[in-house]
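# Architecture and fold: a report
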Amino acid sequence: MSQVKNELKILGINPILIFSSIVVVFTIIAIFAGEMLNLSLIGFEVIFPFIAAMSIGEWGKIKADDNYDLIAAQGKSLFSWVLYRSATIFATVTLFAIICMVIVFHIRSEMPLPEMIFVYISPAFMLTTLTVMCNLIFTHEHVSTLVCGIIWLLAMLSRSMLRYPVVEYIYPFIRYAGYHDRIWFINKTVLITLSAVIWTGIFAVYCKKNR
Amino acid sequence: MRKLLSVIYYEYIMQLKRIATLGVLACTVVLTLLDSFPSAKNLARLEFLLQPSYFIYRTLSFGALIFAFGLMFLLSNRMTIDRKTGMDQLIMASPVTKSQYILGKLIGGFIYTFTVFSIFLTINILIFYICVPADVSFSECLIPLIKALITNILPISIFISFTSVALPAIVDVRLFYALASVLFILNAVSVDSSDKMPFYLVTSGDLKKLIWLHPKFPYINTDGILPNLIFLLGCGLISTALLLLRRKIWRNEQ
């Protein structure tokens, strides 16, 4: 718990201000955007997962952190540091995402709240896991966000790839792409499983290593 | 003037020599060709792919958007990194003025963006010219390329370079990323139409229609071209003005 408190202190007030401004923007869009826009899908399946990934890339720096050598020298396992830092940021973003979901649900009622959370969690978990991996690989700032940003934008631009049979099971924005049958449920489960496998790999590599 | 040119030159060279530039360039060229390489399958899928102007038009909507997104990240730390490494103190100790420093950074970033964008389009059109299974003359490839460079890449480069260099020096870089991601996602979800496109699109705006027009709609909807151009140039110039007006950035005004 003390580690989480420390991470929250390191995060500071900036993310809270930025996420609050995003909540305001979402509220304005929810009120004024027309019926042509499905804000529940584009907002929580596409935009918020990237905000979560970007936050972990920018605030959850590991190798790009100026104090990396210091922390690595003092700790027994890099994994606990990575886990606490990433989980704290992910939980903060998710909290604000849920606030946005409640607002959008009350204003627009496009889909049930639990479904919105499920639609958000899987691409967010996948993109943030990739960002954590990049944070463990790259020593330069912003590179993790760049890599995940390009993957995110590419996924949005490659909806036509869904014509291939297996892609529909791993495409991160399946609901936004218009899949409403049971495939989207399998897709979300596959994404969460893949992310869990990557986390297991990170644990296996870094649980006994301090750098 | 010599000092300004020096800042521009070093900024340009520093950026161009970054390995990340090559990485983003190579990655986007591959992605663009995966989407619209003139292979039998792609030719069957995309009706007008044999036309070089359509190839460039499509490249602007797909590859150029990803490339612009990547360049935005690469340019976003140009001012903040000087502050972080203490380079700004060294520059402030030299006889360089605030406007020379800022304009040098911005113009250097602009020339860099325009150069790599030109390389990106040239590589793509050269590969298209070599591999297209039809009789396409070199001038048929060259003319849309030059048109794209002047009418699209020039304003896009001004937008990307000026906003990406200037805004992160004024606001938190994460806020800049969040706003930019919303803009790029709007660009990504926009569907091509013969009607007027939203003015705020970066690479898929109405400016793109100056390169290729759908044969069924062979007229240019000029209503959307000027707002798109004003948006791209205006955002770049407003960002520059905001940065020049920021007092905290220079020694005498702290």
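What this report covers is the structure whose coordinates are included nearby. Just so it is clear, the structure is predicted and the values come from calculations on it, not from any experiment.

Secondary structure summary: chain B contains 11 helices and 0 strands in total. Its C-alpha radius of gyration of 19 Å places chain B within 12% of the 18 Å reference for a compact globule of 254 residues. With respect to the three principal axes, the spread of C-alpha positions in chain B is 60 × 35 × 30 Å. Per-residue burial for chain B yields a buried fraction of 54% across its 254 residues. In chain B, the proportion of contacts linking residues at least 24 apart, taken out of those at least 6 apart, comes to 77%. Surface summary for chain B: the accessible area is close to 11,400 Å², and the carbon and sulfur share equals 70%. Of the charged side chains in chain B, 22 are positive and 13 negative; the average position of the first set lies 11 Å away from that of the second.

This paragraph deals with the side chain of B:S239. Residue and element names in this part refer to chain B. In this structure, S239 sits in helix α11 (residues 225-245). At 2.6 Å, the side chain of S239 forms a polar contact with the backbone oxygen of C235. If sequence neighbours within four positions are ignored, S239 has contacts with F162, T163, A166, L167 and I170.

So, on to the interface of chain B and chain A. When the parts come together, some accessible area is lost, and that loss is often what is quoted as the size of the interface. Opposite the 25 residues of chain B that make contact, chain A presents 26 residues. Both sides together, the interface formed by chain B and chain A hides about 2,400 Å², and carbon and sulfur atoms give 76% of it. Sorting the residues of chain B by area buried against chain A places B:F73, B:R174 and B:I185 first, and these three jointly supply 25% of that buried surface. In this assembly, chain B and chain A are joined by 2 salt bridges. Here B:K84 and A:D66 are joined by a salt bridge, their closest N and O atoms 3.8 Å apart.

All names here are of chain B. The topology assignment puts L106 in helix α8 (residues 98-131). What makes L106 buried here is its relative accessible area of 1%. Here the alpha-carbon distance between L106 and S164, two residues 58 residues apart in the chain, equals 9.2 Å. In contact with L106, not counting residues within four places along its chain, are F162, V165, A166 and T240.

Definitions and cut-offs
Residues numbered from 1 in each chain as written. Chains lettered and ligands numbered in written order. Predicted model: local features only at pLDDT ≥ 70, side-chain atom pairs only at ≥ 80, totals over all residues. Heavy atoms only, no water. Helix = DSSP H or I, 4+ residues; strand = E, 2+ residues; numbered from the N terminus. Rg over C-alpha atoms; globule rule 2.2 N^0.38 Å. Buried < 20%, exposed > 50% of the residue type's maximum accessible area, 1.4 Å probe, protein only. Contact = heavy atoms within 4.5 Å. Areas by Shrake-Rupley, 256 points an atom, 1.4 Å probe, with all protein chains shown as cover. Lys, Arg positive; Asp, Glu negative; His and termini not counted. Charge placed at Lys NZ, Arg CZ, Asp CG, Glu CD. Polar contact = N/O pair within 3.5 Å; in protein donor to acceptor, adjacent residues only side chain to side chain. Buried area = accessible area lost by both parts, 1.4 Å probe. Salt bridge = Lys/Arg side-chain N within 4 Å of Asp/Glu carboxyl O.

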